[in-house]
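Structural characterization, general
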Amino acid sequence: MDRREFVGILGALPLLGAARAFSPANFSKVVYPGKDGRLVYVPDGEGNTIPDFSNCGYMGGGVKLPSVPIRATVEPTSENAGKAIQDAIDKVSALALGKDGFRGAVLIRRGTYKVDRTLMIRTSGVVLRGEGDSEKGTVLVATQRKQHTLIEIKGKGSGKATGRRTLIKDAYVPVGSRSFKIESAAGFSVGDEVIVRRIGNKEWIREIGMDRITPRSTGGTVQWEPFDLDFERVIKAIKGDTITIDAPIACAIDGRWGGGEVRSVDNSGRISQVGIEDLRGDSEFDPKIKADLEGGKGKYFSDEQHSWEFITINFAENVWVRDVTAIHFGYTGVHVSQDARWVTVQDSKCLDMISEITGSRRYCFHLEGQLSLVQRCFADTGRHAFVVGSRVCGPNVFLSCKATNSYNTSEPHHRWSVGGLYDNVSAPMAIQDRQWMGTGHGWAGANYVAWNCEGPLVCQKPPTAQNWAIGHVGEKQPGAFAPRQDGYWESLGRHVEPASLYLQQLKDRLGAAAVKAIGKA
């Protein structure tokens with residue numbers, strides 16, 4: 001892919017605009033195009049590299065979102081439409097699953113629909129489709145006077161570890177690794193889904209200082225206990241005692257801190273091939289409930305007894321959300337929960353959030369699962385517009401997104417989320433030690449990359465890990481609890497090539513057609 005192709009893809013976005021200043025000569029020193037045009041990754045002294053994020057997204061990245069035939073239709077009504085829409089979803093859910101993995105789509109015709117319940121998708125192969133996300137398109141209005149989700153995609157359960165288990169033999173598996181040695185490959189086969197577990201013991205917690213977080217004055221600070229990170233992966237190759245997995249490890253596995261293991265897993269509780277598209281979600285709220293803005297700048301709508309989330313996804317994989325708008329919700333527009341993976345959210349907006357401007361609110365696009373891609377999305381009036389939760393096992397990607405009127409930073413939010421990429425994101429951002437914030441958020445993110453982003457940025461280096469800020473244009477900020485060691489900063493004030501790290505990684509792995517497949521039609 002040449003520079004014009006990259007700029008063509010990114011240039012369609014309401015994003016970084018004319019301020020971009022790419023130069024073919026301006027490359028990073030740690031990842032750059034080699035003579036064949038493919039990226040070269042330069043390891044640090046322990047072998048850690050910037051990870052390959054290209055496995056993120058629907059079907060593992062680079063796959064065009066499908067167009068699924070309509071099997072049921074809902075027409076506009078002056079009555080409450082919650083039951084009619086759920087009945088249509090249930091009707092399609094009862095159809096036989098086709099060879100392509102789909103049952104069919106429910107089409108909700110253009111119009112405004114009052115909805116008095118949570119709409120639930122519980123089976124694979126179901127798509128919920130409207131006829132546009134504008135005010136004149138398909139508008140679903142949540143009417144319940146309580147915090148609830150408007151649309152919920154949810155299977156029966158998460159991946160469960162089964163009996164097969166083997167320890168990782170390598171004393172150190174660097175960040176970015178796809179291959180490593182195990183004690184025994186007996187019982188494992190190519191194509192198996194596995195958990196690669198990175199163990200973190202009490203010695204590691206002490207090494208990173210999270211057993212002695214300075215308590216906040218109001219109390220409630222929780223010191224960290226040992227925890228594991230479970231990376232969900234697929235075995236791609238086995239050679240002797242070495243296995244190769246589909247996506248890289250996003251946190252080093254170190255024998256000093258407990259090492260790691262590989263466990264087989266049963267993912268039969270997850271549903272798959274589910275989509276939400278071309279819809280507008282709105283939440284009724286009480287406009288009489290207002291609060292004061294800081295600094296005497298007026299008042300804002302702060303009602304909290306109304307719909308909290310537009311779309312949530314959990315116990316599911318290979319899911320997409322595209323061309324939706326969420327307006328007036330309290331917590332999030334789209335929430336990818338802990339037990340979801342291979343999700344794409346694209347060309348969507350979260351606007352005019354209604355809730356108090358304080359903690360645990362206004363997370364416009366919220367990732368807690370693995371291997372997900374949020375691209376070409378826009379957020380307004382959020383606190384943490386593009387945010388990743390606690391102990392999230394990446395990779396995960398925000399690509400070509402923009403936030404305006406943010407009341408706080410886009411960020412990994414707390415407790416050692418690993419392996420995130422902010423690629424061409426325009427927003428205030430922070431990757432830092434949050435110490436006593438919340439109930440002891442501490443080191444919020446490790447092995448994160450901010451690539452060609454714009455806006456104020458904090459980027460600090462946590463002990464035993466790294467964070468990278470490359471090609472950033474905007475103010476370099478010290479963070480809430482400075483001084484802390486800087487992350488890896490390079491080319492501050494000037495963007496680098498390739499224009500998008502994710503798109504180049506995708507091209508390297510699957511070819512130019514994969515990049516075209518996820519572009520905006």
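Notes on the structure follow. Since this is a predicted model, take the numbers as computed values, not measurements.

Things to note about helix α4 (residues 501–510)
The element α4 is largely enclosed, with a buried count of 7 among its 10 residues. When we look at burial in α4, the residues that qualify are L501, Y502, L503, Q504, Q505, L506 and D508. Two to three positions downstream of the cap, the backbone nitrogen of Y502 sits 3.5 Å from a side-chain oxygen, assigning the N-cap of α4 to S500.

A closer look at the packing of aromatic side chains
The geometry of an aromatic ring pair comes down to the distance between the two centres and the angle between the two planes. Taken as a whole, this structure holds 13 aromatic pairs when the rule is applied. Ring geometry for Y331 versus Y363: centroids 5.1 Å apart, planes at 40°, classification tilted. With a gap of 32 residues between them, Y331 in the loop between β22 (316–327) and β23 (332–336) and Y363 in the loop between β25 (349–351) and β26 (365–367) connect regions that are remote in the sequence. Like Y363, Y331 is buried. Following the ring pairs from residue to residue traces out a cluster consisting of F365, F386, F398, Y422 and Y448. When the ring centre of F188 is taken as origin, the NZ or CZ atom of R164, which lies over that ring, is 5.7 Å away. In this arrangement the basic side chain of R391 is found over the ring face of F227, its NZ or CZ atom lying 4.0 Å from the centre.

Thoughts on the nonpolar core
Counting residues in hydrophobic clusters, the biggest one holds 65 residues, and the most contacted among them are I85, I313, F365 and F386. The dominant element in this core, judged by the number of residues it contributes, is β22, at 5 residues. Aside from chain neighbours lying at most four places away, what touches F386 is F365, C377, A379, F398, C401, K402, A403, S410, E411, Y422 and V425. The next biggest cluster of nonpolar side chains, apart from the first, holds 32 residues, and it includes F180, I205, F227 and F231.

A few points about the sheet that holds strand β15 (residues 242–245)
On the basis of which strands lie adjacent, the open sheet formed by 6 strands has the order β10-β17-β13-β14-β15-β12 and antiparallel pairing. In this open sheet, the two strands that pair with only one neighbour each are β10 (160–167) and β12 (179–181). Looking at each pair of strands side by side, their axes are set apart by 40° on average, direction ignored. In this sheet, β15 lies alongside strand β14 (residues 227–239) in antiparallel orientation, the contact comprising 4 bridges. Looking at β15, one finds that K239 is bridged to T242.

Quick word on unusual backbone geometry
Omega for the peptide link from G394 to P395 comes to 10°, which places this bond in the cis form. With respect to the helices and strands, the residue P395 is situated in strand β30 (residues 393–399). In this structure, P483 follows A482 across a cis peptide bond, with omega equal to 0°. Relative to the helices and strands, P483 resides in the loop between β38 (468–470) and β39 (488–490). Positive phi outside glycine occurs at W342, with the angle close to 50°.

Things to note about the pairing of β14
Inspection of the sheet shows strand β13 (residues 193–200) paired to β14 by 8 bridges, in the antiparallel sense. Considered in β14, the bridge of V194 is made with R233. A loop of 2 residues connects β14 with β15, the two strands running antiparallel in sequence, and G240 in this loop sits at a positive phi of about 65°.

Regarding helix α2 (residues 82–93)
Compared with an ideal rise of 1.5 Å per residue, which puts 12 residues at 16 Å, α2 spans 16 Å between its outermost C-alpha atoms and is within 8% of the ideal. Every buried residue of α2 is accounted for by G82, I85, Q86, A88, I89, V92 and S93. Seen from one end, α2 has its buried residues packed into an arc of 155°, which puts them on one side. Looking at the buried residues of α2, the elements they touch are β3 (70–74), β4 (104–108), β5 (111–115), β6 (119–121), β7 (126–129) and β8 (138–142).

Examining the environment of A444
Structurally, the position occupied by A444 is in the loop between β34 (429–431) and β35 (445–446). The exposure class assigned to A444 is buried, which follows from its relative accessible area of 0%. A C-alpha to C-alpha distance of 6.5 Å links A444 and R434, two positions 10 residues apart in sequence. Excluding its chain neighbours within four sequence positions, the residues that come into contact with A444 are P412, H413, H414, R415, W416, S417, Q432 and R434.

Describing the environment of R484
Note that R484 resides in the loop between β38 and β39. Taking C-alpha positions, R484 is 48 Å from G130, a pair spaced 354 residues apart along the chain. Within the local environment of R484, its side chain forms a polar contact with the side chain of D433, the two groups lying 2.9 Å apart.

Brief notes about the pattern of salt bridges
For the structure on display, the rule yields 32 salt bridges. Between R178 and D52 there is a salt bridge; the shortest N-O distance is 3.0 Å. With a gap of 126 residues between them, R178 in the loop between β11 (172–173) and β12 and D52 in the loop between β2 (39–41) and β3 connect regions that are remote in the sequence. For R178, a relative accessible area of 22% gives the class partly exposed. With relative accessibility at 17%, the residue D52 sits in the buried group. When the shortest N-O distance is used, the salt bridge between R341 and E232 registers 3.7 Å. Here R341, found in strand β24 (residues 340–346), pairs with E232, found in strand β14; they are 109 residues apart in sequence, far enough to count as distant. For R341, a relative accessible area of 1% corresponds to the buried category. Take E232: its relative accessible area is 9%, and that puts it in the buried class. Connected via shared salt-bridge partners are E193, E232, R270, E317 and R341.

Definitions and cut-offs
Residues numbered from 1 in each chain as written. Predicted model: local features only at pLDDT ≥ 70, side-chain atom pairs only at ≥ 80, totals over all residues. Heavy atoms only, no water. Buried < 20%, exposed > 50% of the residue type's maximum accessible area, 1.4 Å probe, protein only. Helix = DSSP H or I, 4+ residues; strand = E, 2+ residues; numbered from the N terminus. Polar contact = N/O pair within 3.5 Å; in protein donor to acceptor, adjacent residues only side chain to side chain. Phe/Tyr/Trp six-rings, centres within 6.5 Å; stacked < 30°, edge-to-face > 60°. Lys NZ or Arg CZ within 6 Å of the ring centre and 35° of its normal. Core = buried A, V, L, I, M, F, W, Y, C linked by side-chain atoms within 4.5 Å. Contact = heavy atoms within 4.5 Å. Pairing = 2+ DSSP bridges. Axes fitted to C-alpha atoms, helices over the stretch in contact; angles between N-to-C directions. Expected span 1.5 Å × (residues − 1). Arc of directions from axis to C-beta. Salt bridge = Lys/Arg side-chain N within 4 Å of Asp/Glu carboxyl O.

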